[in-house]
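Structural characterization, general
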Amino acid sequence: MTAFVPRPTRRRALLNGLALGCSAAASPLLTPITLASAPWDNRFVVVLLRGGMDGLDVVRPLGDTDFAAARQGALADGNSLPLGNGFFGLHPALQPLMPLWEAKELAFAHAVSTPYRDRRSHFDGQDMLEAGTGFGDGSPSARDGWLNRMLQQVPGVTAETAFAIGRGRTMLLEGAAPASSWAPEARLRMSSQAERLLGVMYERDALFHAAAEEAIALAEATANTPELEDMVAEADGMSGSAAANAPRSGARGHVALASFAAARLREETRIAAFSLIGWDTHNRQDTALPRALGRLSDVLLALKAGLGPIWEKTTVVAMTEFGRTVRENGTRGTDHGTGGAMVLAGGAVKGGRVHGHWPGLTEADLYDGRDLMPTEDVRSYAAAAMRGLFGLDRATLEDVVFPGLDMGQVGRVLL
């Protein structure tokens, strides 16, 4: 990823110097928010749902009689929200998103996956998801990201700004095209004395005075952000269910993250990419998943509110590295699987529908006798979105952005 400093380096040095204390260990579960400007007017937001979202619990195939048989324990929830013709039902934790569904600004793609198979490792799966490639042994065949390769096809692209929460790598925007990210890697804590000192020191320097004011604002904004504790807990090995039961108070960091992204997208930024964690639901999925879905709902609604009229030309795709097993395990959860679901939102989306071809859940229909069989490549839907947003041709998407992809029968997903 090409480094980009939107303001003078003195200002950046000041802000970096004010980052007191590291708040999160390096982890692929903690990735930056990244934003990039581009010469077109549409907006594209990619949200990585790290941990393996259980698409079968999020978008439930109620019309498949084998589904109820597979989910007879803690996940036997009869409170699904009806979608369309009744074959699918939505997890009740996504109730806040039903107005988007009804306005046709929300859609899903089911039975999708990357080319990753069999190993079921978060690290490999996430690498392949961000690289956008795949070949036989399940490892990514590129060290750059598919969003960056897309930007390389657009002349005049520049990196405008980048902000991140936590420390980590975002392969999505790594590559030859200019893009940038900023990770404070810290909880900014400043005493009142320190604030006054900064004010006195830089009162007569307009540039540094503005930088000091921004640093103080950042300190206040991150002072009581519980998501950072959640991130640290998961990075240190806390299970999804334990994180779900961790005490929480104060402002919601994921909402602040989405609101800031929306503010930048209202300006020159055109692409944003960031992550939400908490989708690894081996244990007590009935407790952990609603919390993760609540964060996803908050983020989508914050993006819509923050973007205002720009929401009409915005597409959000939320993707996960793999789905989860069809059957529950013995600890009220599900294990790493293959086929899963993808979320699409925004005013540009052809919403109010569940895209894809349902494979069925009989024993013979399952992948490896345990997982939902993928019937479409998740990259095809991302490619279809970019084709509609940016006018890229199919050959470029299949050969350059997503090398080796066959978009198959996936058609238009945007209006």
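Positions within a chain are numbered from 1, following the residues in the order the chain's sequence is written. For this predicted model, a pLDDT threshold of at least 70 governs which residues receive local features, and a threshold of 80 or more governs which side-chain atom pairs are given and counted, while totals over whole chains, interfaces and linings are taken from all residues. Side-chain metrics rest on all non-hydrogen atoms present in the structure, leaving aside hydrogens and water.

**A few points about helix 5 (residues 122-131)**
Convention followed: Here the term buried applies to any residue with accessible area under 20% of the maximum for its type, exposed to any over 50%, and partly exposed to those in between, with areas from a 1.4 Å probe on protein chains only. Per the convention used, a helix needs a DSSP run of H or I reaching at least four residues, while a strand needs a run of E reaching at least two, with both numbered from the N terminus. Only heavy atoms matter for contacts: two residues are in contact if any of them lie within 4.5 Å across the pair. Contacts described as polar in this section are N or O atom pairs within 3.5 Å, which, within protein, must combine one atom able to donate a hydrogen with one able to accept it, while residues neighboring in sequence count only if both atoms come from side chains.
In terms of burial, helix 5 is largely enclosed, as seven of its ten residues are buried. The set of residues buried in helix 5 consists of His-122, Gly-125, Gln-126, Met-128, Leu-129, Glu-130 and Ala-131. Buried residues in helix 5 make contact with strand 2 (43-49), helix 6 (146-151), strand 10 (314-320) and helix 13 (378-390). Backbone nitrogen of Phe-123 and a side-chain oxygen of the N-cap are separated by 3.3 Å at the start of helix 5; the cap is Ser-121.

**Concerning the pattern of salt bridges**
Selection criterion: Salt bridges are counted wherever a side-chain nitrogen of Lys or Arg sits within 4 Å of a carboxyl oxygen of Asp or Glu.
A full pass over the atoms with the stated rule returns 19 salt bridges. Asp-54 is paired through a salt bridge with Arg-71; the nearest N and O atoms lie 3.1 Å apart. With Asp-54 in the loop between strand 2 and helix 2 (55-58) and Arg-71 in the loop between helix 3 (65-70) and strand 4 (81-83), this pair connects stretches of sequence that are 17 residues apart. Counted as one network, the salt bridges with shared partners bring together Asp-41, Arg-43, Arg-270 and Lys-313.

**Some words on the confidence of the model for the protein chain**
Going by this rule: Summary of the metric used: pLDDT quantifies the predictor's per-residue confidence within the range 0 to 100.
Of the residues in the protein chain, 69% reach a pLDDT of 70 or more, and the chain-wide mean stands at 77. Note that residues 182-188 has pLDDT below 50 and, in this model, 36 contacts with residues that lie over four places away or in other chains. Low confidence marks residues 217-251, where pLDDT is under 50. Its contacts with residues over four positions away, or in another chain, come to 64 contacts.

**Remarks on helix 14 (residues 394-401)**
Working note: α-helix, 3.6 residues per turn, so residues spaced by three or four point in the same direction. Inspection of helix 14 places Thr-396, Leu-397, Glu-398 and Val-401 among the buried residues, and these make up the whole buried set. Where helix 14 begins, the side chain of Asp-393 points an oxygen toward the backbone nitrogen of Ala-395, at a separation of 3.1 Å.

**Some details on unusual backbone geometry**
Even without a glycine there, the phi angle at Asp-118 is positive, about 75°. Within the secondary structure, Asp-118 sits in the loop between strand 6 (106-113) and helix 5. Positive phi is not limited to glycine here, since Arg-332 has a value of about 60°. Along the chain, the position of Arg-332 falls in the loop between strand 10 and strand 11 (340-345). Its relative accessible area of 38% is what places Arg-332 among the partly exposed residues.

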